[in-house]
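So the chains spell out like this:
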Amino acid sequence: MKHSIGVIGLGVMGSNIALNMARKGERVAVYNYTSDLTNQLIGRVKDEQMTPFYQLADFVESLEVPRKIFLMVTAGDAVDSVIQALRPLLGKKDIIIDGGNSHFKDTANRYHNLKKDGIAFIGAGISGGEVGALEGPAIMPGGDREAYQLVAPILTRIAAQVDGEPCCTYLGIEGSGHFVKTVHNGIEYADMQLISEAYSLLRYRLKLSLEEIASLFDQWNAGELNSYLIEITATILRKKDAITGAPLIDVILDKVGQKGTGMWTSLQAIESGIPSSIMTESLFARYMSTLKEDRLKAAALLSGPDQDERKLDKQQWIEFIRQALYMGKICAYAQGFNQFKMTSEKYNWLLPLPKIARIFRGGCVIRASFLNDICKAYTENPGLENLLFSDFFLEKAKAYQQSLRFVVREAVGSGIALPCFLSSLSYYDSYRTAHSNANLLQAQRDFFGAHTYERNDRAGVFHTDWEVANADIYG
């Protein structure tokens with residue numbers, strides 16, 4: 001009997017995806033460029049229907065038509081290399097699914113290129129890490145719609161399930177699926193940084209113990225801040241180092257890397273004129289962390305604020321920080337979903353924003369209870385300009401924005417860096433400013449570069465000779 005699907009690329013993620021498929025009843029063919037990973041995977045197989053192949057042609061021949069091939073290889077040249085090897089072995093209506101973290105523009109190019117040969121291409125963002133890959137990830141597929149209908153029974157079965165619904169749905173043509181995964185990761189960066197900044201305040205300004213902070217995160221996770229990232233933070237703060245017995249958090253070096261998707265989110269926002277400042281600030285925070293030697297030198301040389309001996313009401317400030325964290329998260333998600341909306345309009349993708357929020361509810365790293373509220377907001381008003389305008393989040397912002405101000409003011413006075421809290425407040429205040437200082441920027445640009453400007457009292461484009469009084473030149 002032929003196999004229902006094949007998986008190429010048997011690293012941690014690929015192996016777990018293959019096992020997930022097999023455990024859901026699929027007949028899975030597997031192939032890897034090197035045989036060692038293939039053999040390791042087969043050693044984990046029990047009663048599942050999985051067959052290893054060591055020649056690509058044999059692997060392809062084993063699949064039922066139309067063939068469905070799931071790639072889990074490193075993004076970039078490796079994907080193109082595998083596609084090039086597969087192409088002469090495939091026929092019309094065969095389907096390639098790229099489950100890696102590919103750039104959405106690369107996915108769009110592959111989609112159109114393979115279409116010339118009648119081969120369908122799907123770019124599917126996968127979130128949830130190695131555990132999610134095995135037990136049920138969030139899956140963000142985009143590309144050929146007809147092909148998706150053929151692979152949907154498999155993808156929806158292996159995806160995480162929330163309230164009986166799979167965390168997988170068709171998102172749109174071309175590279176839309178991988179784009180959604182990219183911005184998902186940008187939101188993830190911001191969410192992680194906001195949580196880390198709340199931790200800094202609790203530990204270094206309120207002087208709470210790690211156990212006290214962990215208990216607070218447990219409490220917050222039982223309320224409106226309920227999320228996977230809040231949950232794991234409590235676990236992290238309680239973990240002891242097996243070598244020294246000290247809290248593990250205190251022996252982890254404060255330098256953090258990134259694999260590119262957060263950067264892609266910021267670059268795409270910049271290229272498209274989208275104000276995704278919180279996500280970008282979280283990326284810069286990671287860059288700053290890598291300057292460890294510079295920071296050690298700066299700590300010894302650069303002065304900060306005078307030591308603040310004021311005692312704060314701990315319970316009151318814990319609540320301020322909780323509300324500020326929620327407010328920051330609202331702003332970060334508002335920016336992320338605005339980036340979905342504006343990019344969808346740019347490429348005419350028709351991204352289904354309520355469905356995106358729905359599939360983020362399980363499996364993925366940013367899964368959180370308030371995604372139900374985001375889903376409801378875009379379902380009730382598909383044309384919603386910004387998440388902050390929805391009734392639910394508008395009321396939350398009214399209630400919590402003052403706490404964000406208190407926290408930012410206290411952090412600045414104490415010399416505690418909170419780049420994403422600051423960026424959240426700046427975004428919120430900039431967005432609610434009806435008359436900004438951009439008129440001065442317009443005038444400056446026209447003065448030194450004759451870039452022209454618009455007026456608020458009449459239509460048209462104008463230029464002024466700024467050295468001569470009252471000498472407007474109308475364009």
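Residues numbered from 1 in each chain as written. Predicted model: local features only at pLDDT ≥ 70, side-chain atom pairs only at ≥ 80, totals over all residues. Heavy atoms only, no water.

Participant: Please clarify how the overall build of the chain should be interpreted in this entry.
Facilitator: In terms of regular secondary structure, the chain is built from 19 helices and 11 strands. Its C-alpha atoms give the chain a radius of gyration of 25 Å, near enough to 23 Å, the size a compact globule of 475 residues would have. If one aligns the C-alpha atoms of the chain with their principal axes, the spans along those axes are about 80 × 70 × 45 Å. Every one of the 475 residues in the chain was classed for burial, and the buried ones make up 51%. Counted over contacts in the chain with a minimum sequence separation of 6, partners at least 24 positions apart contribute 66%. Accessible area for the chain stands at about 22900 Å²; split by element, carbon and sulfur atoms hold 53% of it. (Helix = DSSP H or I, 4+ residues; strand = E, 2+ residues; numbered from the N terminus. Rg over C-alpha atoms; globule rule 2.2 N^0.38 Å. Buried < 20%, exposed > 50% of the residue type's maximum accessible area, 1.4 Å probe, protein only. Contact = heavy atoms within 4.5 Å. Areas by Shrake-Rupley, 256 points an atom, 1.4 Å probe, with all protein chains shown as cover.)

Participant: I'm lost on a nonpolar patch on the surface in this one. Help?
Facilitator: A contiguous nonpolar patch, built from Phe447, Phe448 and Trp466 and spanning about 360 Å² of accessible area, is present on the exposed surface. Along the chain, the position of phenylalanine 447 falls in helix α19 (residues 438-449). On the basis of relative accessibility, which here comes to 46%, the residue phenylalanine 447 falls in the partly exposed class. (Patch = residues over 30% accessible without salt bridge, like charges linked within 9 Å, V, L, I, M, F, W, Y side chains within 5 Å. Salt bridge = Lys/Arg side-chain N within 4 Å of Asp/Glu carboxyl O.)

Participant: Any chance you could explain helix α17 (residues 391-414) here in plain terms?
Facilitator: Residue pairs spaced three or four apart in an α-helix point in one direction, given the helix's 3.6 residues per turn. Between its first and last C-alpha, α17 extends 35 Å over 24 residues, near the 34 Å set by a 1.5 Å rise per residue. Where α17 bends most, the angle comes to about 40 degrees, and this point is tyrosine 400. Those residues of α17 that sit buried are Phe393, Lys396, Ala397, Tyr400, Gln401, Ser403, Leu404, Arg405, Val407, Val408, Glu410 and Ala411. Against the buried residues of α17 lie α8 (176-205), α14 (314-347), α16 (371-380) and α18 (419-431). Note on α17: the residue one or two positions beyond its end, glycine 415, has a positive phi of about 75 degrees. (Expected span 1.5 Å × (residues − 1). Bend = angle between axes of the 7 residues up to and from the residue.)

Participant: Help me understand the nonpolar core in this model?
Facilitator: As a rule of thumb, soluble globular proteins bury nonpolar side chains together. Formed by 83 residues in total, the largest nonpolar core has its most connected members in Leu202, Trp220, Phe337, Phe340, Phe360, Ile374 and Phe421. Top element by residues in this core is α14. It accounts for 15 residues. Residues lining this core come from more than one domain, with at least three contributed by each of domain 1 (5-170) and domain 2 (181-432). Within the second largest apolar cluster, 33 residues are counted, among which are Met72, Ile97, Ile122 and Leu155. (Core = buried A, V, L, I, M, F, W, Y, C linked by side-chain atoms within 4.5 Å. Domains from an automatic or database assignment.)

Participant: For this particular structure, what's the right way to read the packing of α14 against α17?
Facilitator: In a pair of packed helices, the angle between the axes and the distance between the axes together describe the arrangement. Contact geometry for α14 and α17: axes closest at 7 Å, N-to-C directions at 120 degrees. As judged from the angle between their axes, α14 and α17 are oblique. Judged by the sense of rotation from one axis to the other, the crossing of α14 with α17 is left-handed. Where α14 approaches α17, its residues Trp317, Phe320, Ile321, Arg322, Gln323, Ala324, Tyr326, Met327 and Ile330 are matched on the opposing element by Phe392, Phe393, Lys396, Ala397, Ala399, Tyr400, Gln401, Ser403, Leu404, Phe406, Val407 and Glu410. When the residues that make up the contact of α14 with α17 are grouped by side-chain class, the tally is 15 nonpolar, three polar and three charged. (Axes fitted to C-alpha atoms, helices over the stretch in contact; angles between N-to-C directions. Parallel < 35°, antiparallel > 145°, perpendicular 65-115°, else oblique. Left-handed = near helix turned anticlockwise from the far one by under 90°. Nonpolar A, V, L, I, M, F, W, Y, C, P; charged D, E, K, R; others polar.)

Participant: Can you walk me through the packing of aromatic side chains in this structure?
Facilitator: For any pair of aromatic rings, the description consists of the separation of the ring centres together with the inter-plane angle of the planes. In total, this model carries 28 aromatic pairs according to the counting rule given. Their ring planes at 75 degrees and their centres at 5.2 Å tell us that phenylalanine 104 and phenylalanine 179 sit as a pair that is edge-to-face. Taken together, the residues phenylalanine 104 in helix α5 (residues 104-115) and phenylalanine 179 in helix α8 connect sequence positions 75 residues apart. Take phenylalanine 179: its relative accessible area is 1%, and that puts it in the buried class. In this structure an aromatic cluster arises from ring pairing among Phe104, Phe179, Phe337, Phe340, Tyr347, Trp349, Phe360 and Tyr378. A cation sits over an aromatic face here: arginine 367 above tyrosine 228, 4.0 Å from the ring centre. (Phe/Tyr/Trp six-rings, centres within 6.5 Å; stacked < 30°, edge-to-face > 60°. Lys NZ or Arg CZ within 6 Å of the ring centre and 35° of its normal.)

Participant: In this structure, what is going on with the domain arrangement of the chain? I would like to understand it.
Facilitator: Interfaces are often sized by the accessible area lost when the parts come together. Looking at the chain, the domain boundaries give domain 1 (5-170), domain 2 (181-432) and domain 3 (439-474). Here the C-alpha centroids of domain 2 and domain 3 sit 40 Å apart.

Participant: Looking at this structure, how should I read helix α12 (residues 277-289)?
Facilitator: For α12, built from 13 residues, the straight-helix expectation of 18 Å at 1.5 Å per residue is met to within 8% by its first-to-last C-alpha distance of 18 Å. Inspection of α12 places Ile278, Met279, Thr280, Ser282, Leu283, Ala285, Arg286 and Ser289 among the buried residues, and these make up the whole buried set. Lining the buried residues of α12 we find α8, α11 (261-272), α13 (292-301), α14 and α18.

Participant: Where do I start with the packing of α8 against helix α10 (residues 228-238) in this structure?
Facilitator: One can describe the packing of α8 onto α10 by two numbers: an axis separation of 11 Å at closest approach and a directional angle of 45 degrees. With respect to their mutual orientation, α8 and α10 come out oblique. Note that α8 runs across α10; the crossing there is right-handed. Along its contact with α8, which presents Asp191, Met192, Ile195 and Tyr199, the element α10 presents Leu229, Ile230, Thr233 and Leu237. Its residues assigned to classes, the contact of α8 with α10 comprises six nonpolar, one polar and one charged.

Participant: Before we go on, may I ask you to explain the pairing of strand β5 (residues 95-98) in this structure?
Facilitator: Of the two faces of β5, the one carrying Ile95 and Ile97 and the one carrying Ile96 and Asp98 are both buried. Summarising the sheet, strand β4 (residues 68-71) and β5 pair through four bridges and their orientation is parallel. Bridge pairing in β5 places isoleucine 69 opposite isoleucine 96. Of the crossover connections in this fold, the one passing from β4 over helix α4 (residues 77-86) to the parallel β5 is right-handed. In terms of strand pairing, β5 meets strand β6 (residues 120-127) through four bridges, oriented parallel. (Pairing = 2+ DSSP bridges. Right-handed = clockwise from strand over helix to strand, strands pointing away.)

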